[in-house]
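What the coordinates show
As a plain string of letters, each chain reads:
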Amino acid sequence: MLRILRPLTSRVTAPLGRSLARLGLTPNIVTLIGAAGVVVSALYFYPRGQLYAGSVVITVFALFDMLDGAVARANDSASAFGAFLDSSLDRVADAAILAGLMWWFMGGGNDPLLAGLTLFCLISGFMVSYIKARAEGLGVNCDVGVAERTERLIIVLVAVGLSEFGVPYILAGGLWLLAGMSLLTVLQRLVETRARLNGPEHTEDEDKRTSNGA
Ligand SMILES: CCCCCCCC/C=C\CCCCCCCC(=O)OC[C@H](COP(=O)(O)OP(=O)(O)OC[C@H]1O[C@@H](n2ccc(N)nc2=O)[C@H](O)[C@@H]1O)OC(=O)CCCCCCC/C=C\CCCCCCCC
Ligand SMILES: O=P([O-])([O-])O[C@@H]1[C@@H](O)[C@H](O)[C@@H](O)[C@H](O)[C@@H]1O
Ligand SMILES: [Mg+2]
């Protein structure tokens, strides 16, 4: 959904990408800094229980995901391995955020129901990404859904960040919303992939890939 904002955000990220490239940073280094930063920042959630500070710092490092591609485009160094690393480390970052939150609910947060709901969000979010990756492996595009990664990050970070200001039900509400939207996106991507696999543009060549495992 929010991908439509890309032309707008690239007005900021493209010049930033050029500056980082001039400093000698490679896209892969930017990817690694962003992912490592998110993982370490998840320690704000658990064990520290600092939900607002954690959300802010995680947001800063999550934004690196918009900059690695910008650096790649700035110095014409986009690579297949870079794209693979970018997507793979997104999963590590997503897991760190939600695992940090889940552990906090199980400890200081003392809310086993929300811990379970967070685990559901983690698994359904991974399913969203996995379905797209598997569909692409079978030769079809699956860029659909109400909760792509950017939407999922915004929902969880805003809900968790605002919860420290005592906004009623924001944390539980945000997590229920995230769970529902992730589940809906899983269904949207399943339907889309099925339609495309059965569609006219799906060739015999692509059928050969169906025997491959995940
Ligand atoms: C009071 C409350 C307090 C709470 C505080 C918390 C507030 C939280 C609020 C919002 C949270 C916002 C988090 C947003 C994170 C967004 C990050 C994100 O999701 O990015 C995803 C994409 C980028 O996707 P992708 O990685 O696929 O694209 P790339 O551009 O990287 O290109 C990939 C290709 O590049 C090549 N490549 C890449 C890496 C590599 N190592 N080698 C390579 O070769 C390769 O070809 C790859 O295929 O996001 C988007 O761009 C979609 C649009 C998103 C719109 C987001 C809106 C966010 C809101 C505000 C942000 C404004 C920021 C302006 C920019 C600032 C930049 C520092
Ligand atoms: O599938 P999803 O989790 O919505 O979105 C993800 C994108 O936001 C990410 O930038 C891309 O690199 C991943 O491969 C993945 O597709
Ligand atoms: Mg990126």
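Residues numbered from 1 in each chain as written. Chains lettered and ligands numbered in written order. Predicted model: local features only at pLDDT ≥ 70, side-chain atom pairs only at ≥ 80, totals over all residues. Heavy atoms only, no water.

**Structural notes on the packing of aromatic side chains**
Test applied: The criterion for an aromatic pair is that two Phe, Tyr or Trp rings (for Trp, the six-membered ring) have centres within 6.5 Å, with stacked assigned to planes under 30 degrees apart, edge-to-face to planes over 60 apart and tilted to the rest. Labels follow the DSSP assignment, with helices taken as runs of H or I lasting at least four residues and strands as runs of E lasting at least two, numbered in each case from the N terminus. When accessible area is computed with a 1.4 Å probe and restricted to protein chains, residues below 20% of their type maximum are described as buried, those above 50% as exposed, and intermediate ones as partly exposed. Only when the NZ of Lys or the CZ of Arg is both within 6 Å of the ring centre and within 35 degrees of the ring normal is a charge said to sit over the ring.
All chains considered together, the criterion is met by five aromatic pairs. Between Tyr46 and Trp103, the ring centres sit 6.1 Å apart and the planes meet at 40 degrees, which makes this aromatic pair tilted. On the criterion of sequence distance, the pair formed by Tyr46 in the loop between helix 2 (27-41) and helix 3 (51-62) and Trp103 in helix 5 (residues 80-106) is long-range, its members being 57 residues apart. Since its relative accessible area comes to 37%, Tyr46 is described here as partly exposed. Taken together, a centroid distance of 5.1 Å and an interplanar angle of 80 degrees make the contact between Tyr52 and Phe165 edge-to-face. With Tyr52 in helix 3 and Phe165 in the loop between helix 7 (149-163) and helix 8 (170-197), the pair connects residues that are 113 residues apart, well separated along the chain. A relative accessible area of 40% means that Tyr52 is categorised as partly exposed. We classify Phe165 as exposed; its relative accessible area is 55%. When the ring centre of Tyr44 is taken as origin, the NZ or CZ atom of Arg48, which lies over that ring, is 4.8 Å away.

**Here we look at the pattern of salt bridges**
Applicable threshold: By definition here, a salt bridge exists when the distance from a side-chain nitrogen of Lys or Arg to a carboxyl oxygen of Asp or Glu is within 4 Å.
Within the structure shown, the criterion is met by ten salt bridges. Between Arg149 and Asp65 there is a salt bridge, and its shortest N-O distance comes to 3.0 Å. A residue pair is termed long-range when its members are at least 10 positions apart, and Arg149 in helix 7 and Asp65 in helix 4 (residues 64-74) qualify at 84 residues. Its relative accessible area of 14% is what places Arg149 among the buried residues. Overall, Asp65 belongs to the partly exposed group, its relative accessible area being 26%. Note that Asp94 and Arg152 form a salt bridge whose closest N and O atoms lie 3.9 Å from each other. A residue pair is termed long-range when its members are at least 10 positions apart, and Asp94 in helix 5 and Arg152 in helix 7 qualify at 58 residues. When sorted by exposure, Asp94 lands in the same class as Arg152, which is buried.

**Focus on the coordination of the magnesium ion (ligand 3)**
Put simply, a metal with four donors set out as a tetrahedron has ideal angles of 109.5 degrees, and one with six donors set out as an octahedron has ideal angles of 90 or 180 degrees. For clarity, the threshold we go by: Metal coordination here is assigned from N, O and S atoms located within 2.8 Å of the ion, or within 3.2 Å for Na, K and Ca; omission of water means that sites may look incomplete. Donor angles set the geometry label: tetrahedral for four donors if every angle is between 85 and 135 degrees, square planar for four and octahedral for six if opposite donors exceed 155 degrees and the others are between 65 and 115, irregular for anything else.
Every protein donor of the magnesium ion (ligand 3) is listed here as Asp65 (O), Asp65 (OD), Asp68 (OD) and Asp86 (OD), and their distances to the metal cover 2.2 to 2.4 Å. Here the magnesium ion (ligand 3) binds six donor atoms, and the angle range of 76 to 180 degrees at the metal identifies the geometry as irregular. Sequence spacing of the donors to the magnesium ion (ligand 3): D-x2-D-x17-D. Of the two residues, Asp65 is situated in helix 4 and Asp86 in helix 5; the sequence distance between them amounts to 21 residues.

**Points about the site of ligand 2**
What counts, and what does not: Throughout, near means a residue has at least one heavy atom within 4 Å of the molecule or strand. We call two N or O atoms a polar contact when they sit within 3.5 Å, provided that within protein one can donate a hydrogen and the other can accept it, with sequence-adjacent residues counted only if both atoms are side-chain atoms. Every accessible area reported is derived by Shrake-Rupley at a probe size of 1.4 Å, with residue values counting cover from the shown protein chains alone.
If you check the shell around ligand 2, you find Ser87, Asp90, Arg91, Val128, Ser129, Lys132, Glu148, Arg149, Arg152 and Arg189 and nothing else. Within the side chain of Lys132, a nitrogen or oxygen atom sits 2.9 Å from an oxygen atom of ligand 2. Separating an oxygen atom of ligand 2 from a backbone N or O atom of Arg149 is a distance of 3.1 Å. Relative to its free-state accessible area of 370 Å², ligand 2 is covered by the protein chains to the extent of 80%. For the shell around ligand 2, the secondary-structure elements that each account for two or more residues are helix 5, helix 6 (112-137) and helix 7.

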